Amino acid sequence: MAENIRFVLNGETVESKSAANERLLDVLRDEFRLTGVKCGCREGECGACSVLIDGQLANSCLVALGAVSDRDVETIEGFSRSERFEILSDAFADLSAVQCGFCIPGMVLAAESLLRFNPNPTDHDIREGLSGNICRCTGYNAIVHAIQNAAEKGKGLW
Amino acid sequence: MESKARQEKNTEIGHRTPLYDAPLKASGVIRYVDDMKLPRMLYAKMVWSTVPHAIIKSIDTEEAEKMPGVRAVCTWKNCRQVSYNSCGEDIDKFLTERIFDQRVRFVGDRMAAVAADTLEIAEKAAKLIKVEYQELPFYLDAELAMKDDAFPIHAGGNVAETVCMNAGDVEKGWTEADHVLEYTYKLPAVHHGAMEPHTAIADYDASGKLTVYSPSQDIFGCRANLSRIFSLPMSKVRVVNPCIGGGFGGKIDAILEPIVAQLAMMTLRPVKMTLNRREEIISTRTRHAMTINLKTAFMNDGRIVAEQMTMIANAGAYSAGTSSVVWASGGKFFKKHKTPHLRFTGYPVFTNTPVAGAMRGFGSPQRCFAQERQMNRIAKKLNMSVLDLQLMNLVDIGDCDARNQVAHGRAFPKEAVLRGKVLFDWEENLREMKRSQEDNSRFRIGIGMAVGVHGNGVYGVMPDTSGIILKLNEDGSLTVFTGYSDMGNGTVTTQLQIISAVSGIPLNRIACVTADTETTMWDLGNYSSRGTFVGGNAALKAAEHLSDELKREAAEILNINADEIVLENGAAVWKDSRERFTTLADIALHAKSVNQRDICVSDTFASQNLALSYGAHFCKVSVDTETGIVKPLLFVAVHDLGKVINPMQTEGQIEGAIQMGLGYALSEALQINEEGKITNAILKKYKMFHAAEMPEIRIAYVENSEVGGPFGAKSIGECSAVPVAAAVANAVCNALDASIDRLPLTPDLVLEAIKFRGLSG
């Protein structure tokens with residue numbers, strides 16, 4: 001019997017009962033009930049299932065559970081306890097960067113990942129930073145503006 | 001700070017109000033259907049047809065049924081055999097579909113479903129089902145399917161109906177005109193691309209009640225279908241929409257709901273089915289592929305005297321909303337130009353391809369593409385500006401539909417064109433286009449434009465009503481019950497803004513219950529661009545009713561006449577002195593303690609007129625003549641929408657429509673091979689526009705109050721999607737001085753046009 005996979009999930013060490021070859025997306029949604037992680041395509045194209053693994057943006061549908069053994073996984077549920085989330089979330093809501101909302105947890109994590117590496121992004125940088133995330137509702141402008149606003153308001157936090 | 005000041009002034013109308021549920025969505029805590037898990041819930045997996053047309057000779061489910069954990073296997077042999085139309089709008093016509101049928105009619109048609117303890121078991125069991133087909137002739141092309149001797153896909157033949165509409169005498173037009181042009185345009189089937197795939201949960205309880213959780217755009221249509229299929233009174237069927245992850249028309253139809261309901265009734269356990277993206281693309285709904293022939297007669301000065309459109313709409317394997325799509329698209333053929341002689345003939349045709357249904361624009365993006373490509377051609381032929389051609393032909397306020405003399409309402413498409421011309425900097429960009437042609441440069445600049453029209457609900461076709469309940473709570477806060485399923489397009493937020501503006505109750509004191517057939521009043525559904533015009537009016541009517549009730553109580557408390565009271569900032573205030581007021585909490589208390597009653601109002605609004613929304617779109621592109629790649633540089637959208645209730649949501653609708661339209665124009669199309677299989681049913685191959693690919697967007701509004709609109713407002717959701725692709729295509733054609741009459745404008749197609757024109761880089 002293989003050993004259970006242990007990893008840090010939203011700041012807490014957890015042990016998964018799932019097999020090492022399960023998709024991280026399914027483990028997070030089904031075993032840990034972290035349903036803020038969305039499934040849009042299961043092929044790594046839409047970004048709705050984005051999570052941060054050791055701080056790096058990743059599509060959880062393309063990551064096997066075994067690959068996060070002893071690593072740090074953060075989902076929108078974990079990130080939403082941070083001050084940086086508050087700023088991003090307010091900016092997304094205030095500028096109507098949210099319509100149906102399905103892509104938004106992934107977008108917010110993509111924004112976090114972008115701002116961590118580049119706290120003062122240009123419009124172009126933001127659009128490149130969202131290259132792995134599809135939104136079918138907004139046309140992206142509102143999302144780009146929201147990230148710009150959050151970067152300005154949250155100066156020093158990233 | 002800003003929002004506090006606003007609430008005190010109570011000026012919700014025209015304000016950039018955020019979506020009421022945006023914070024819940026941003027933090028990922030809002031619950032979509034696939035996030036739900038009911039006790040003892042089973043997971044279901046569908047088995048899809050792998051052939052385009054066949055009779056199921058035998059289907060062997062024994063192995064699947066034997067698998068531990070499998071609780072039900074359903075095929076045509078053990079499901080309800082009731083024919084239905086999945087689209088609520090067309091529920092009484094063309095009942096072509098069943099839960100499972102002995103015949104399959106496209107690759108991706110439903111053949112069987114398995115419900116099991118886990119999804120893994122259901123998937124494994126689904127693979128054990130063995131089927132023997134007796135294959136039948138199949139048609140992927142509507143023009144072949146409509147031939148007289150074609151094998152019928154449904155009893156009654158492959159041409160579902162012939163839709164004819166006429167005004168004047170086109171024959172007269174052909175003889176009178178200085179010129180006649182006739183071209184054929186081809187549009188592909190496309191995928192809606194909502195980020196949330198179709199999903200549904202059914203729960204059939206011990207009392208014989210069926211509850212279905214579904215991201216449905218049409219909960220009442222879905223309930224009506226479930227009630228018919230399972231012979232249940234509507235009181236025993238509840239359809240709830242907790243939240244939709246995007247619709248765009250693709251979630252109007254009852255697709256998975258009858259299947260999970262059947263499985264829940266077989267197992268007496270809740271059953272969930274969620275499609276993956278591939279299943280979503282091959283099996284749900286598409287925008288209609290169309291072939292449109294357009295013949296236009298015009299004078300030397302550009303005046304169009306006659307126009308005839310023949311539309312062949314590929315309905316796919318089942319009818320869904322096709323009939324309404326063709327009728328609606330045809331109807332709008334009579335609403336854009338002053339042309340006196342018009343003839344529209346539409347043929348919805350069954351083929352062995354995925355089912356076509358409603359998709360943002362409801363047949364109008366296709367019709368608009370043909371008409372606006374033709375406008376571009378006419379302008380070129382007459383050597384006149386396409387803008388002048390538009391101004392000569394577009395309708396004015398007071399103009400009527402030539403078929404029946406019904407007025408178009410307060411229509412201002414010309415103003416939209418003129419505003420757009422300035423905002424786009426048309427003349428300067430035209431010079432740039434000419435320069436790039438003269439320089440024979442590799443990257444050719446092109447500009448183009450198109451004008452679109454769309455409706456505001458379905459008035460005139462069927463009763464178009466929305467019901468609202470407003471319930472004042474003991475503390476003076478308000479609960480709104482609305483039948484709308486807000487797709488993220490802001491309909492419910494618009495309703496809340498209107499209720500707040502009229503009743504003076506601040507938005508942060510208003511909560512809402514949405515889209516639940518059991519608790520909310522009947523509503524036609526979240527389609528046909530009726531959210532603002534009909535839903536907004538329902539909110540207005542109910543809020544006015546509520547205000548009367550509030551004032552009645554307040555008048556007793558303040559001992560003044562009700563008509564001297566103003567409602568603002570959560571209070572009833574005497575108009576002569578702000579010192580004399582009473583709060584809504586006091587009003588609620590007074591109603592309870594003195595008059596011993598609740599303050600609760602319910603109203604139904606029935607639309608009384610069909611307003612029309614117009615939009616002029618302008619696009620600038622750069623075309624790489626070596627690779628054929630088109631890069632959109634600038635997009636301008638000017639919309640005649642009466643009054644903007646929420647500028648931020650309106651911009652969001654338009655920008656989203658441009659994203660969708662650019663895909664339609666340049667990259668999106670379902671590719672179906674000769675065996676009827678979709679070969680690009682994954683997002684890696686089905687390309688929707690990303691953030692970095694979007695052009696600069698400029699938006700403006702023509703705001704002239706519409707008669708019958710709430711605060712004068714008209715729709716935007718679909719109108720904004722109608723002219724996009726046509727504007728892009730005109731820009732590309734103008735850049736190359738070429739004609740491309742099909743979508744999408746892929747690099748291959750563009751290179752072919754370049755080759756044909758003999759252009760060199």
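Remember, it's a predicted structure, so these values are computed and weren't measured experimentally. Within each chain, residues carry numbers counting from 1 in the order of the written sequence. Both sets of labels track the order of writing: A upward for chains, 1 upward for ligands. Local features in this predicted model are restricted to residues of pLDDT 70 or higher, and side-chain atom pairs are both shown and tallied only at a pLDDT of 80 or more, whereas totals for entire chains, interfaces and linings draw on every residue.

**Let's talk about the overall build of chain A**
Right, so step 1: Secondary structure elements are defined from DSSP: runs of H or I of at least 4 residues count as helices, runs of E of at least 2 residues count as strands, and each element is numbered from the N terminus. The helix and strand inventory of chain A stands at six helices and five strands.
Right, so step 2: When its helices and strands are written in sequence order, chain A yields β-β-α-β-β-β-α-α-α-α-α.
Right, so step 3: For chain A, the spread of C-alpha atoms along the principal axes amounts to about 50 × 30 × 20 Å.
Right, so step 4: Neighbour density around each residue's C-beta defines its exposure: 20 or more other C-beta atoms within 10 Å make it buried, 12 or fewer make it exposed, and counts between make it partly exposed, where C-beta atoms are placed from the backbone. The buried share of chain A, taken over its 158 residues, is 58%.
Right, so step 5: Think of it this way: build a C-beta for each residue from its backbone, and any pair within 7 Å is a contact. Across chain A, the fraction of contacts at a sequence separation of at least 24, relative to all contacts at a separation of at least 6, is 61%.

**Digging into the sheet that holds strand β28 (residues 696–702) of chain B**
All names here are of chain B.
Right, so step 1: Criterion used throughout: strands pair if DSSP finds at least two bridges between them. Taken together, the four strands give an open sheet; going across it, the order is β18-β26-β27-β28, and neighbouring strands pair in mixed fashion. This sheet does not close on itself; its edge strands, each paired only once, are β18 (443–454) and β28. Each neighbouring strand pair of the sheet contributes to a mean axis angle of 15°, computed without reference to strand direction.
Right, so step 2: In the sheet, strand β26 (residues 613–624) pairs with strand β27 (residues 630–640) via 10 bridges, with the strands oriented antiparallel. Structural elements are reduced to axes, namely lines fitted to C-alpha atoms, with helices fitted over the stretch in contact, and the angle between N-to-C directions of any two is expressed from 0 to 180 degrees.

**What to know about the nonpolar core**
Right, so step 1: Connectivity within a nonpolar core runs through C-beta atoms within 7 Å, and the core itself is a set of buried Ala, Val, Leu, Ile, Met, Phe, Trp, Tyr and Cys residues. Counting 296 residues, the largest nonpolar core has A:Phe92, B:Ala44, B:Val114, B:Val260, B:Val728 and B:Val732 as the members making the most contacts within it.
Right, so step 2: In terms of residue count, helix α19 (residues 724–736) of chain B provides more of this core than any other element does, 11 residues in total.
Right, so step 3: Setting aside chain neighbours within four positions, we find A:Phe92 in contact with A:Ala97, A:Val98, A:Ile104, A:Val108, A:Ala146, B:Ala22 and B:Ala26.
Right, so step 4: B:Ala297, B:Ile304, B:Val305 and B:Ala306 belong to the second largest nonpolar core, which has five residues in total.

**Some points on the domain arrangement of chain B**
Residue and element names in this part refer to chain B.
Right, so step 1: Segment limits for the domains were obtained from an automatic or database-derived domain assignment. Taken domain by domain, chain B holds domain 1 (2–30 + 459–606) and domain 2 (364–456 + 611–757).
Right, so step 2: The centre of domain 1, based on its C-alpha atoms, is set 37 Å off from the matching centre of domain 2.
Right, so step 3: Opposite the 20 residues of domain 1 that make contact, domain 2 presents 20 residues.
Right, so step 4: For the side of domain 1 that touches domain 2, the elements supplying multiple residues, two or more each, are α15 (491–503) and α16 (531–558).
Right, so step 5: Ranked by residue count, the leading element in the side of domain 1 that touches domain 2 is α16, at six residues.
Right, so step 6: Throughout, the ten residues Ala, Val, Leu, Ile, Met, Phe, Trp, Tyr, Cys and Pro are labelled nonpolar, Asp, Glu, Lys and Arg are labelled charged, and all others, Gly among them, are labelled polar. Split by residue class, the side of domain 1 that touches domain 2 holds four nonpolar, 14 polar and two charged.

**Considerations on the packing of helix α7 (residues 219–229) of chain B against helix α8 (residues 257–267) of chain B**
All names here are of chain B.
Right, so step 1: Between α7 and α8, whose axes approach to 10 Å, the crossing angle comes to 45°. Taken as axis vectors, α7 and α8 run oblique relative to one another. Here α7 and α8 pass one another in a crossing that is right-handed. Touching Cys222, Asn225, Leu226 and Ile229 of α7 are Glu257, Pro258 and Ala261, all from α8.
Right, so step 2: Taken together, the residues of the contact of α7 with α8 break down into five nonpolar, one polar and one charged. In what follows, roughly perpendicular refers to angles from 65 to 115 degrees, roughly parallel to angles under 35, roughly antiparallel to angles over 145, and oblique to any angle outside these ranges. By the definition used in this description, the sense in which the near helix is turned from the far one sets the handedness, with an anticlockwise turn below a right angle giving left-handed and a clockwise turn giving right-handed.

**Describing the interface of chain A and chain B**
Right, so step 1: Across the contact, 39 residues belong to chain A and 40 residues belong to chain B.
Right, so step 2: Mapped onto the side of chain A that touches chain B, the elements with two or more residues apiece are α2 (76–79), α3 (83–94), α4 (104–117), α5 (123–129) and α6 (141–153) of chain A.
Right, so step 3: Of all the elements, α3(A) adds the most residues to the side of chain A that touches chain B, at four residues.

**Quick word on α3(A)**
All names here are of chain A.
Right, so step 1: The end-to-end C-alpha distance of α3 is 17 Å, a good match for the 16 Å that 12 residues give at a rise of 1.5 Å each.
Right, so step 2: Within α3, burial applies to Phe85, Ile87, Leu88, Ser89, Ala91, Phe92, Ala93 and Asp94.
Right, so step 3: Following α3 by one or two positions, Ser96 has its phi on the positive side, about 55°. Helix span, as expected, comes to 1.5 Å for every residue beyond the first.

**Quick word on unusual backbone geometry**
Residues and elements named next belong to chain B.
Right, so step 1: Backbone torsion omega between Leu743 and Pro744 reads -5°, so that peptide bond is classified as cis.
Right, so step 2: Note on placement: Pro744 falls in the loop between α19 and α20 (747–757).
Right, so step 3: In this model, Leu268 sits at a positive phi of 55°, which is unusual for a non-glycine residue.
Right, so step 4: Counting through the fold element by element, Leu268 comes out in the loop between α8 and β13 (271–274).
Right, so step 5: Overall, the presence of 13 C-beta atoms within 10 Å leaves Leu268 in the partly exposed class.

**Observations concerning α8(B)**
All names here are of chain B.
Right, so step 1: For α8, the buried fraction is high: eight of the 11 residues fall into the buried class.
Right, so step 2: Those residues of α8 lying buried are Glu257, Pro258, Ile259, Val260, Ala261, Gln262, Leu263 and Ala264.
Right, so step 3: Positive phi appears at Leu268, one or two residues downstream of α8, with a value of about 55°.

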